[in-house]
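In case you want the letters, here they are:
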Amino acid sequence: MNIVNVGYDSANYYLIQSQNGKLLVDCGWPGTLPKLTAELKRKGIAFSEIKYLLVTHFHPDHAGLTQELKNRGIKFLLLEPQIDFIPQLTDFFKKKTYPYIEIKQNDNLILKLEESRKFLADIGLNGEILHTPGHSDDSVTLILDEGFAFTGDLHPRFMIPEEDQISHQSWDKIHEHKISRIFPGHGG
């Protein structure tokens, strides 16, 4: 399994090789496309190799470049539990000076969670996408059957207060799979 971290500005963005090209998990702040492009170049990866984008949640540092990447031909995978959170991201940027490009809703690849395994298999990856609220209500985790979990900003279990049952339940769902490595949105 070829997984490359192409992150910058304290966030991790992962490229995963599939049979049809690469799947990018998360993307950066609006206006940082040159930083992503430079990081790809440093890693010897052509931008054209990226075919799909999955964001773990709609916070600016994980979804801010979404429409810019879509404009470059990357297909955006959107899970049903995430749909209502796109307008919240847009509202956040209305009061800011970032060069945010609003995410168009008419051309996304919308997936039901129960369809994620089939979709991933169709692009050559064995795994599924789980709804894992805790950090945010729209958070999802990509699980690959090789034992890899891409958790976005879901806090590590040892950092979660006992009363945060939602985050604990999300980790319970993740650990129903045989996980050998966590790929977090920040840190390492």
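First things first, this report covers the structure right here in the doc. Note that this is a predicted model, so its numbers are computed, not measured.

Procedures and definitions
- Residues numbered from 1 in each chain as written.
- Predicted model: local features only at pLDDT ≥ 70, side-chain atom pairs only at ≥ 80, totals over all residues.
- Heavy atoms only, no water.
- Helix = DSSP H or I, 4+ residues; strand = E, 2+ residues; numbered from the N terminus.
- Polar contact = N/O pair within 3.5 Å; in protein donor to acceptor, adjacent residues only side chain to side chain.
- Contact = heavy atoms within 4.5 Å.
- Pairing = 2+ DSSP bridges.
- Axes fitted to C-alpha atoms, helices over the stretch in contact; angles between N-to-C directions.
- Buried < 20%, exposed > 50% of the residue type's maximum accessible area, 1.4 Å probe, protein only.
- Right-handed = clockwise from strand over helix to strand, strands pointing away.
- Core = buried A, V, L, I, M, F, W, Y, C linked by side-chain atoms within 4.5 Å.

1. Remarks on the side chain of Glu39
Inference 1: Here Glu39 shows up in helix α1 (residues 33-42).
Inference 2: Of note is the side chain of Glu39, whose polar atom sits 2.6 Å from the side chain of Arg42.
Inference 3: Once residues lying within four places of it in the same chain are set aside, the contact partners of Glu39 are Asn5, Val6 and Gly7.

2. A look at the sheet that holds strand β2 (residues 14-18)
In any sheet, the strands associate via hydrogen bonds between backbone groups, in a parallel or an antiparallel arrangement.
Inference 1: With respect to topology, six strands assemble into an open sheet ordered β1-β2-β3-β4-β5-β6, the strand pairing being mixed. Looking at the sheet topology across the chains shown, the edges are occupied by β1 (3-5) and β6 (109-111). Strand-to-strand twist of the sheet, defined as the mean angle between neighbouring strand axes without regard to direction, takes the value 25 degrees.
Inference 2: Here strand β3 (residues 21-25) pairs with strand β4 (residues 50-54) via four bridges, running parallel. Among the inter-strand pairings, Lys22 is bridged to a residue of β4, identified as Ile50.

3. Details of the pairing of strand β5 (residues 75-79)
The two faces of the sheet receive side chains in turn, since in a regular strand these alternate between them.
Inference 1: Counting buried positions along β5 yields four of five residues, so the element is predominantly enclosed.
Inference 2: Two elements, β4 and β5, share three bridges in a ladder whose sense is parallel. Bridging from a neighbouring strand, Tyr52 pairs with Lys75 of β5.
Inference 3: Two elements, β5 and β6, share three bridges in a ladder whose sense is parallel. Paired with Leu79 across the bridge in β6 is Leu111.
Inference 4: At this point the chain moves from β5, through helix α4 (residues 86-94), to the parallel β6, and the crossover so formed is right-handed.

4. Some points on the nonpolar core
Inference 1: Counting 29 residues, the largest nonpolar core has Val6, Leu24, Leu36, Leu40, Leu53, Phe58 and Leu69 as the members making the most contacts within it.
Inference 2: Sorting the residues of this core by element identifies α1, β4, β5 and α4 as the ones contributing at least two each.
Inference 3: Core analysis: the next-biggest nonpolar cluster, separate from the first, contains 20 residues, Leu54, Ile129, Leu142 and Phe150 among them.

5. What to know about the side chain of Thr56
Inference 1: Tracing the backbone through its elements, the reader meets Thr56 in the loop between β4 and α2 (60-63).
Inference 2: Once residues lying within four places of it in the same chain are set aside, the contact partners of Thr56 are Val25, Asp26, His62, Gln82, Asp138, Ser139, Val140, Phe150 and Gly152.

6. Regarding unusual backbone geometry
Inference 1: In the Ramachandran plot, Asp9 falls in the positive-phi region, its phi being about 50 degrees despite a non-glycine side chain.
Inference 2: Note that Asp9 resides in the loop between β1 and β2.
Inference 3: Residue Asp9 is classed as partly exposed on the basis of its relative accessible area, which comes to 42%.
Inference 4: We note that Asp26 has phi near 75 degrees; this positive angle belongs to a residue other than glycine.
Inference 5: By the secondary structure assignment, Asp26 is in the loop between β3 and α1.
Inference 6: Residue Asp26 is classed as buried on the basis of its relative accessible area, which comes to 2%.

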